[in-house]
Amino acid sequence: MLQSLSSNSCVRLIQSNKSTWYFFFLVLGYVLYLIFGAVVFSSVELPYEDLLRQDLRNVKRQFLQENECLSEERLEEFLGKALEASNYGVSVLNNATANWNWDFTSALFFASTVLSTTGYGHTVPLSDGGKAFCIIYSVIGIPFTLLFLTAVVQRIMVYVTRGPVTYIHTRWGFSKQLVALVHALVLGLVTASCFFFIPAAAFSSLEDDWNFLESFYFCFISLSTIGLGDYVPGEGYNQKFRQLYKIGITFYLMLGLIAMLVVLETFCELQELKQFRKMFYVKKEKAEDRVHIIDHEHLSFSSVSDQAASLREDKLNEPFMDVPPLTYSASDFSSLNR
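Since this is a predicted model, take the numbers as computed values, not measurements.

> So what about the overall build of the protein chain? Which residues, and what values?
When helices and strands are tallied, the protein chain shows 11 helices and 0 strands. Along the protein chain, helices (α) and strands (β) appear in the sequence α-α-α-α-α-α-α-α-α-α-α when read from the amino end. Of all 338 residues assigned to the protein chain, the portion counted as buried reaches 21%. Accessible area of the protein chain: about 25500 Å², with a carbon and sulfur share of 67%.

Given below as structure tokens:
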């Protein structure tokens with residue numbers, strides 16, 4: 001008997017706090033997913049890093065053996081300055097000195113990566129004034145960009161998602177949920193083709209050192225606003241029409257980001273995903289809702305009563321009306337005497 005009562009109480013406790021338990025498992029799943037990613041990346045990339053370190057040591061040792069007049073300390077000092085300059089986007093190689101990082105097109109590309117929060121990191125402000133301006137520019141520009149993207153996506157959704165789904169639903173009578181699901185899948189495939197596969201093929205042919213996988217990797221990292229910066233187009237020393245190429249990449253990134261947001265918003269409007277998201281939200285208690293309703297009705301009633309009282313006071317405070325004096329004629333007195 002006691003076991004059944006305790007089990008029933010546990011079940012009621014779980015049912016009453018279902019949203020909290022869902023949220024707990026969501027946090028636990030996210031932490032486990034982070035750990036899973038760290039384990040996989042470490043196991044895959046650590047051997048390659050070790051090989052690269054060994055190759056670099058061998059090259060350095062061979063260089064010092066071939067150039068005995070150069071001490072290791074001087075070489076370390078030179079390499080430190082070269083790496084520091086490379087971190088700021090300045091290379092000491094002869095084939096990279098022709099490309100400027102802060103001409104207009106490069107600065108436009110940098111501004112777009114800052115406002116879209118992509119931030120490749122290959123080009124950064126060098127001066128203190130540039131760093132201060134970058135902070136102020138980002139504080140104003142990032143919310144401005146969010147407002148701009150929200151307005152653009154809202155307008156596109158009317159014609160790309162809501163309009164076609166409603167038309168097919170009313171025209172042919174298909175289930176709205178089914179039409180929305182099929183439309184979201186088709187829109188996702190079209191977006192992937194136009195902004196991932198086709199640009200990846202174009203980048204693999206325009207960039208000398210990129211294959212298709214690296215080009216697709218750049219497209220995904222850029223449009224998802226991760227922006228690792230290991231692959232940046234238009235940085236080759238023999239890049240033809242570099243300024244025009246940079247402008248085209250800037251427009252591609254902005255249009256691709258808008259397309260990604262449209263696809264994400266389309267999937268978020270699916271009824272199945274809405275129900276799934278509600279599992280993790282805090283649900284309002286019925287008693288709390290009832291209190292809000294009572295308070296609202298009390299406020300409404302009190303406001304009506306106050307209005308009625310004010311009207312009565314206005315009536316009482318109104319001045320008395322002038323009543324004209326009564327006058328009687330002789331004919332009236334004669335009629336009364338009769």
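> Can you explain the pattern of salt bridges? Please cite residues and give values.
With the rule as written, the count across this model stands at 6 salt bridges. The partner of glutamate 49 in a salt bridge is arginine 53, and the shortest N-O contact between them spans 3.0 Å. Taken as a pair, glutamate 49 and arginine 53 lie in helix H2 (residues 18–66) at a separation of 4 residues, close to a single helical turn. Connected via shared salt-bridge partners are Lys60, Glu72 and Glu76.

> Provide a residue-level description of the packing of aromatic side chains, including the pertinent values.
When we look at a pair of aromatic rings, we describe it by the centre distance and by the angle of the planes. Under the counting rule described, the total for this entry stands at 21 aromatic pairs. Ring centres of tryptophan 210 and tyrosine 231 lie 5.5 Å apart, and the angle between their planes is 85°; on these two criteria the pair is classed as edge-to-face. Taken as a pair, tryptophan 210 in the loop between helix H6 (176–206) and helix H7 (212–223) and tyrosine 231 in the loop between H7 and helix H8 (242–268) lie far apart in primary sequence, 21 residues in all. Relative accessible area serves as the criterion here: at 10%, tryptophan 210 is assigned to the buried category.

> Residues and numbers for the packing of H7 against H8, please.
Viewed as axis vectors pointing N to C, H7 and H8 meet at an angle of 65°, and their least axial separation amounts to 9 Å. The orientation of H7 relative to H8 falls into the category roughly perpendicular. Of the two possible hands of crossing, H7 and H8 adopt the one that is right-handed. The residues of H8 that touch H7, namely those facing Cys219, Ser222 and Leu223, are Tyr252, Leu253, Gly256, Leu257 and Met260. Looking at side-chain class alone, the contact of H7 with H8 contains 6 nonpolar, 2 polar and no charged residues.

> Just give me the short version of the confidence of the model for the protein chain, but keep the residues and values in it.
For the protein chain, the mean per-residue pLDDT works out to 80, and 75% of the residues sit at or above 70. Confidence over residues 293–338 falls short of pLDDT 50; this stretch has 1 contact with residues more than four positions distant or in other chains.

> If you had to explain the nonpolar core to someone new, which residues and values would you point to?
By size, the foremost hydrophobic cluster in this structure holds 18 residues, and its most contacted members are Phe196, Phe203, Cys219, Leu223, Tyr252 and Leu253. Taken together, the elements giving at least two residues each to this core come down to H6, H7 and H8. What phenylalanine 196 contacts, discounting residues up to four positions off in sequence, is Thr191, Phe216, Cys219, Phe220, Leu223 and Met260. Residues Leu149, Leu187, Leu257 and Val262 belong to the second largest nonpolar core, which totals 8 residues.

> Any chance you could break down a nonpolar patch on the surface for me, citing the residues and the numbers?
A cluster of nonpolar side chains, namely Trp21, Phe23, Phe24, Phe25, Leu26, Val27, Leu28, Val31, Leu32, Ile35 and Val39, defines an oily patch on the protein surface of about 1000 Å² accessible area. With respect to the helices, strands and loops of the structure, phenylalanine 25 is situated in helix H2. A relative accessible area of 48% places phenylalanine 25 in the partly exposed class.

Definitions and cut-offs
- Throughout this description, residue numbers start from 1 for each chain and increase along the sequence as written.
- In keeping with the model being predicted, local features are shown solely for residues with a pLDDT of at least 70 and side-chain atom pairs are shown and tallied solely at 80 or more, while totals for entire chains, interfaces and linings include all residues.
- Hydrogens and waters are ignored; side-chain quantities use all the structure's heavy atoms.
- Helix and strand definitions here come from DSSP, where helices need a minimum of 4 consecutive H or I residues and strands a minimum of 2 consecutive E residues; each element is numbered from the N-terminal end.
- Partly exposed residues are those whose accessible area sits between 20% and 50% of the maximum for their type, while under 20% is buried and over 50% is exposed, using a 1.4 Å probe and protein chains only.
- Accessible surface is estimated by sampling points in the Shrake-Rupley manner with a 1.4 Å probe; for residues, cover comes only from the protein chains shown.
- One side-chain nitrogen of Lys or Arg within 4 Å of one carboxyl oxygen of Asp or Glu is enough to make a salt bridge.
- Two aromatic rings from Phe, Tyr or Trp, using only the six-membered ring of Trp, form a pair when their centres are within 6.5 Å; if the ring planes differ by under 30 degrees the pair is stacked, by over 60 it is edge-to-face, and anything between is tilted.
- Axis lines are fitted to C-alpha atoms, over the contacting stretch for helices. Their N-to-C directions set the angle, which ranges from 0 to 180 degrees.
- What sets the label is the angle itself: under 35 degrees gives roughly parallel, over 145 gives roughly antiparallel, 65 to 115 gives roughly perpendicular, and the rest give oblique.
- For any pair of crossing helices, the crossing counts as left-handed if the nearer helix is rotated counterclockwise from the farther one by less than a right angle, and right-handed if it is rotated clockwise.
- Only heavy atoms matter for contacts: two residues are in contact if any of them lie within 4.5 Å across the pair.
- Three residue categories are used. Nonpolar comprises Ala, Val, Leu, Ile, Met, Phe, Trp, Tyr, Cys and Pro, charged comprises Asp, Glu, Lys and Arg, and polar comprises the others, including Gly.
- pLDDT measures how confident the predictor is about each residue, on a scale from 0 to 100.
- Here, nonpolar core means buried Ala, Val, Leu, Ile, Met, Phe, Trp, Tyr and Cys residues that are tied together by side-chain atoms lying within 4.5 Å of each other.
- The patch calculation keeps residues exceeding 30% relative accessible area without a salt bridge and links them within 9 Å when they carry like charges or within 5 Å when they are nonpolar (Val, Leu, Ile, Met, Phe, Trp, Tyr).

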